[in-house]
Amino acid sequence: MKNYVINGREVLGIELGSTRIKAVLIDENCNPVATGSHTWENRFENGFWTYHMDDVWSGIQDAYLKLNEQVYKKYGTKIKKLSAIGFSAMMHGYLPFDENGNQLAAFRTWRNTTTEKASAELTQLFEFNIPQRWSISHLYQAILNRESHVEYLAYLTTLAGYVHWKLTGEKVIGIGEASGMFPIDSETNDFNSEMLDKFSQTDAAKQYRWNIKDVLPKVLSAGKSAGRLTAEGALLIDPSGLLEPGVLMCPPEGDAGTGMAATNSISVKTGNVSAGTSIFAMVVLQKQLSRVYEEIDMVTTPTGKPVAMVHCNNCCTDLDYWVNVFCEFAAAAGSNLSKPQIYDLLYNEALKGDADCGGIVNYNYFSGEPVAHVQEGRPLFVRTQNSSFNLANFIRAQIYSAMATLKIGMDILEKENVKIDCLMGHGGLFKTEYVSQRLMAGAMNTPVSVMETAGEGGAWGIAVLAAYAADSCKKTLEDYLNDKVFSNYKSKTVQPDEKDVSGFNQYMELFRAGLSVQKSAAENI
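Structural notes, computed from the coordinates. Not measured: the values here are computed from a predicted model. (Residues numbered from 1 in each chain as written. Predicted model: local features only at pLDDT ≥ 70, side-chain atom pairs only at ≥ 80, totals over all residues. Heavy atoms only, no water.)

**Comments concerning the overall build of the protein chain**
A count of helical and extended segments in the protein chain gives 19 helices and 23 strands. What you see for the protein chain is a C-alpha radius of gyration of 22 Å, in line with the 24 Å of a compact globule of 525 residues. Taking the principal axes of its C-alpha atoms as reference, the protein chain extends roughly 65 × 60 × 45 Å. With 525 residues in all, the protein chain has 60% of them scored as buried. Within the protein chain, contacts between residues at least 6 apart in sequence are counted, and of these 72% link residues at least 24 apart. (Helix = DSSP H or I, 4+ residues; strand = E, 2+ residues; numbered from the N terminus. Rg over C-alpha atoms; globule rule 2.2 N^0.38 Å. Buried < 20%, exposed > 50% of the residue type's maximum accessible area, 1.4 Å probe, protein only. Contact = heavy atoms within 4.5 Å.)

Here it is as structure tokens:
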């Protein structure tokens, strides 16, 4: 393996997630051989959820440094050469630049729910659902708000596209991430030209010198070369100067696309659910839906196939806060239990709870939740005098809460007769073995599988896409994943339990009924 590293045959993937920047190094068989990570958090500044670009680069450098230290410890050498690199990041959002490359406004992340008017107007204009977090929604809302920076717009991209641009000089984007910037035509694998024209012809857009066609990045499908690492880019990753430039880079993707790659969920009737800070499910469609749904986003796989996506802004954040309370209690009691151990204890306790949580309901809304038509979040825990309030039901309600909004969207797909053979689960919610997998199977009433690679997540997924771009084979991405990547990986599948299905449906009745309380809390507290 030392010679493998020295010869530069390994592939690097780095993903900038909502709470962690993770780097994964893989070998020629796509097996992870080293990892490194950096913890960071979003900020709420001037009315927007954001991250500073200085934190982007310091975080990438820290994650890469830790990965390199692990490589040196294992193999006695550090990375100088690489076969390929892939970068991905939290999906979509808004990063505008002028003609000189100057950032015009703070990065606006997927978490913001400030574009309701723009989203509604564009959905009507295109006759195609345009979610609030999409780049075009943020741009149009900035136009409607008469924000002065829009006049100077020359380039609009996402976080993944921004990082890739700075590392290569190429203004490109992977098609999966592109489908969250502006609608994609799956026949041409490019932005929908008819909708581009419609946008250009609006009175709002006509007042500017730029044209939407010119400010968006070039769209690339998986397997294409997206440029090479420049000398300046190499120093942005590795300030020591050890990493050599010239490395092939694959198209940058969002965490939705890397999640599909990481779970082998890019073929028709496959689906995956990613559960971390946010939670979203993606199902590759056999045919288009019968109509436009505000709760369903139409995006694509990394190769351009149409995908129905249910994206919910809130998942594990509230749950993690509650676990921190138990960690504080354990420390106060003199226990030396680690946080992962406390997570495992609490999750397994949830399996002892009533299937419907005993009349307890939790709302994990730290931010607004468009799928539930909630503009602003307020975490709430609600019970009646007669609820069966105990530890097991309390923790089960927390886990159910992380899945409840997703269920609202998935019920729409079920009514559309969308077929799903199995949902592949990945992300932090599935770290404790079996528990969330079983509860998710009951909640969605479909089998849920978790692969051995689920813990590596999107960073491994973008590394695999980079390896595919560097491979000289002519296979489709589907065949490449099946034959080379996943043929030796095992997965565990849990079938839905009838009691869990019935219990979760009862929980959802309370959850839906109490959404008016959630909205009132945001208005009054």
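**A word on the side chain of Glu147**
One can find Glu147 in the loop between α4 (135–144) and β8 (155–157). Setting aside anything within four residues of it in sequence, one finds Glu147 in contact with Arg108 and Ala142.

**Overview of the environment of Ser221**
Along the polypeptide, Ser221 turns up in the loop between β12 (218–220) and α10 (231–237). A residue is classified by how much of its surface remains accessible, and Ser221, at 14% relative accessible area, is buried. For Ser221, the residues in contact, after removing those within four places along its chain, are Ile175, Asn189, Pro251, Pro302 and Thr303.

**Describing unusual backbone geometry**
Phi is positive for Asn46, which is not a glycine, with a value near 55°. With respect to the element layout, Asn46 can be found in the loop between β4 (43–45) and β5 (48–50). Residue Asn46 is classed as exposed on the basis of its relative accessible area of 75%. Here Lys269, not a glycine, exhibits a phi torsion of approximately 75°, which is positive. Checked against the element boundaries, Lys269 lands in the loop between α11 (255–262) and β15 (270–275). The partly exposed category is assigned to Lys269, whose relative accessible area is 27%.

**Focus on the sheet that holds strand β21 (residues 422–426)**
Overall, mixed pairing links the seven strands, which are arranged β17-β18-β16-β15-β21-β22-β23 in an open sheet. Sheet topology places β17 (297–300) and β23 (491–494) at the edges, where each strand pairs with a single neighbour. Strand-to-strand twist of the sheet, defined as the mean angle between neighbouring strand axes without regard to direction, takes the value 30°. In this sheet, β21 lies alongside β15 in parallel orientation, the contact comprising five bridges. Of the residues in β21, the one forming a bridge with Gly271 is Leu423. Lying over the sheet, α11 contacts β15, β16 (279–284), β17, β18 (306–312), β21 and β22 (448–451), oriented at roughly 60° with respect to β16. (Pairing = 2+ DSSP bridges. Axes fitted to C-alpha atoms, helices over the stretch in contact; angles between N-to-C directions.)

**Describing the environment of Val163**
Along the chain, Val163 falls in helix α5 (residues 159–168). Since its relative accessible area comes to 1%, Val163 is described here as buried. Taking C-alpha positions, Val163 is 9.6 Å from Met53, a pair spaced 110 residues apart along the chain. Ignoring any residue separated from it by four or fewer positions in sequence, one finds Val163 in contact with Leu16, Val56, Trp57, Ile60 and Phe87.

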